[in-house]
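# Close look at the chain arrangement
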Amino acid sequence: TLPTPPAPAIGSVDTVVREAAERAAIEKLMWEYVAAADSLDAEAYAATFTPDGAFLQTKGRDALKGMINGMRTNMGTRSAGMHHTMSNMNIEFLSPTRARVYYYWQTVFGGPAGAATPPRVAAVGRGMDDVVKTNGKWLIQNRNVSYKHPTL
């Protein structure tokens with residue numbers, strides 16, 4: 001049996017509205033992240049992270065760009081049908097400028113329905129990202145796609 005998450009604390013209307021706007025901004029950040037990853041756009045990918053941001057052991061924007069450029073070199077044309085998805089996203093606010101994003105993820109390769117190459121799930125997992133709001137913009141500080149939930 002999966003644990004039941006605690007009921008959200010209902011704060012003032014201002015807090016609820018502010019958090020709704022911040023959730024939308026964080027969800028947009030995650031969309032920008034997967035779009036950059038799928039297109040292997042190293043500049044856009046690194047821009048979703050803080051300057052010292054990390055994807056597992058890869059730290060800093062220059063290293064993150066190198067990671068994506070290495071994928072482009074290694075994958076070549078095989079990257080054209082790459083799709084990352086994040087689902088069941090839950091955003092936990094730690095402060096007005098810090099949040100933690102929990103989610104399931106999967107990487108799928110292949111074309112659309114009816115394409116010659118059927119979709120193939122390459123990898124799946126759970127993730128937990130730390131995001132921070134810097135200069136009015138949410139960015140990923142740490143991306144952990146190997147997260148293991150303590151109760152699951």
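Attention here is on the structure that accompanies the text. Keep in mind that this is a model prediction, so the values were computed, not measured.

Turning our eyes to something else, we now look at the layout of surface pockets. One water molecule sets the probe size; rolling that probe over the atoms shows where empty space is left. Computed from the structure, the second largest pocket encloses a volume of approximately 250 Å³. Around the second largest pocket, the lining comprises 19 residues; the ones closest to its centre are Tyr-33, Phe-55, Met-71, His-84 and Thr-107. At the level of elements, α1 (13-39), α3 (61-75), β3 (82-95) and β4 (98-109) are the ones that each hand at least two residues to the lining of the second largest pocket. Here the lining of the second largest pocket is composed, by residue class, of 14 nonpolar, four polar and one charged.

A positive phi angle, close to 55°, is found at Leu-40, a residue other than glycine. Its place among the elements puts Leu-40 in the loop between α1 and α2 (42-47). For Leu-40, a relative accessible area of 2% puts it in the buried group. A positive phi is found at Asn-88, a non-glycine position, where the angle reads about 50°. Structurally, Asn-88 can be placed in strand β3. Look at Asn-88 and you get exposed, because its relative accessible area is 60%.

Structurally, Thr-107 is set in strand β4. Accessibility expressed as a relative area gives 9% for Thr-107, which makes it buried. Not counting the four nearest positions on each side in its chain, Thr-107 is found in contact with Met-82, His-83, His-84, Arg-120, Val-121, Ala-122 and Ala-123.

Quick notes on the rules
- Residues numbered from 1 in each chain as written.
- Predicted model: local features only at pLDDT ≥ 70, side-chain atom pairs only at ≥ 80, totals over all residues.
- Heavy atoms only, no water.
- 1 Å grid on protein atoms, 1.4 Å probe; cavity = no way out; pocket = protein on both sides within 12 Å on 5 of 7 lines; lining within 4 Å.
- Points joined across faces, edges and corners; volume = space filled by probe spheres on them.
- Helix = DSSP H or I, 4+ residues; strand = E, 2+ residues; numbered from the N terminus.
- Nonpolar A, V, L, I, M, F, W, Y, C, P; charged D, E, K, R; others polar.
- Buried < 20%, exposed > 50% of the residue type's maximum accessible area, 1.4 Å probe, protein only.
- Contact = heavy atoms within 4.5 Å.

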